[in-house]
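Architecture and fold: a report
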Amino acid sequence: MNIEPKPATAKGSPDWFTGDVWVDMIAAPHDDRQRMIVSRVRFAPGARTAWHSHEQGQTLHVTGGVALLGTRDGTVIEARPGQTIYTPPGEEHWHGATPDDFMEHLAMLENGDDPATTTVWLEHLPDRDYVRP
Ligand code: MN
């Protein structure tokens, strides 16, 4: 066994996020048979993902602040530290901070057969759809 090297904290791409988002990789595949990806994601107040879906689904575990999560039917839910949110494969959704506070979650997912299609990114979430429940 070994202690994994700590990659530098990476800024979330403005193509995929609105506002400031920082990503720390915790786990990534070491070979082609492994699929697990875990990252710690920190969102500044008001920051959120664009609409997207995950080929194999995604599990999020909130570790700080209050997370807002939305789906295409207009549902927006709040999740608090200690809560875990599961999104099934292919479901289009967004996640982010509240307008007033930082939010941090662990994001856990498995690579698709083609890692390039593990997450499908869509359009940005407009301000009018960024609402609290
Ligand atoms: Mn997601």
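In this report, we go over the structure that sits alongside the text.

Conventions used here
Residues numbered from 1 in each chain as written. Predicted model: local features only at pLDDT ≥ 70, side-chain atom pairs only at ≥ 80, totals over all residues. Heavy atoms only, no water. 1 Å grid on protein atoms, 1.4 Å probe; cavity = no way out; pocket = protein on both sides within 12 Å on 5 of 7 lines; lining within 4 Å. Points joined across faces, edges and corners; volume = space filled by probe spheres on them. Helix = DSSP H or I, 4+ residues; strand = E, 2+ residues; numbered from the N terminus. Nonpolar A, V, L, I, M, F, W, Y, C, P; charged D, E, K, R; others polar. Polar contact = N/O pair within 3.5 Å; in protein donor to acceptor, adjacent residues only side chain to side chain. Phe/Tyr/Trp six-rings, centres within 6.5 Å; stacked < 30°, edge-to-face > 60°. Buried < 20%, exposed > 50% of the residue type's maximum accessible area, 1.4 Å probe, protein only. Salt bridge = Lys/Arg side-chain N within 4 Å of Asp/Glu carboxyl O.

1. Some details on the layout of surface pockets
Estimated volume of the largest pocket: approximately 480 Å³. Taken together, 26 residues line the largest pocket, and the ones lying closest to its centre are Trp16, Phe17, Ser39, Thr119 and Trp121. No other element matches strand S4 (residues 36-43), which puts four residues into the lining of the largest pocket. Class assignment of the residues belonging to the lining of the largest pocket gives a composition of 13 nonpolar, twelve polar and one charged.

2. Observations regarding the side chain of Glu104
Considering the arrangement of structural elements, one finds Glu104 in strand S12 (residues 103-110). Here Arg40 takes part through its side chain, which lies 3.5 Å from a polar atom of the side chain of Glu104.

3. A look at the packing of aromatic side chains
Summed over the entire model, instances satisfying the criterion amount to four aromatic pairs. Their ring planes at 5° and their centres at 5.0 Å tell us that Trp16 and Trp121 sit as a pair that is stacked. Of the two residues, Trp16 sits in the loop between strand S1 (10-11) and strand S2 (17-18) while Trp121 sits in strand S13 (residues 119-121), which places them 105 residues apart along the sequence. For Trp121, a relative accessible area of 24% gives the class partly exposed. With a centroid separation of 5.9 Å and 65° between ring planes, the pair formed by Trp94 and Tyr130 is classed as edge-to-face.

4. Considering the pattern of salt bridges
Per the counting criterion, the structure on display carries twelve salt bridges. Across the pair Asp24 and Lys6 runs a salt bridge whose closest N-O atoms are separated by 2.7 Å. In this pair, Asp24 sits in strand S3 (residues 21-27) while Lys6 sits in the segment before S1, placing the two residues 18 residues apart along the sequence. Note on Asp24: relative accessible area 3%, which makes it buried. On the basis of relative accessible area, Lys6 is assigned to the exposed category, the value being 54%. In this structure, Glu78 engages Arg132 in a salt bridge whose closest nitrogen and oxygen atoms are separated by 3.0 Å. In this pair, Glu78 sits in strand S9 (residues 76-79) while Arg132 sits in the segment after S13, placing the two residues 54 residues apart along the sequence.

Scope: geometric values only; no functional claims are made or implied.
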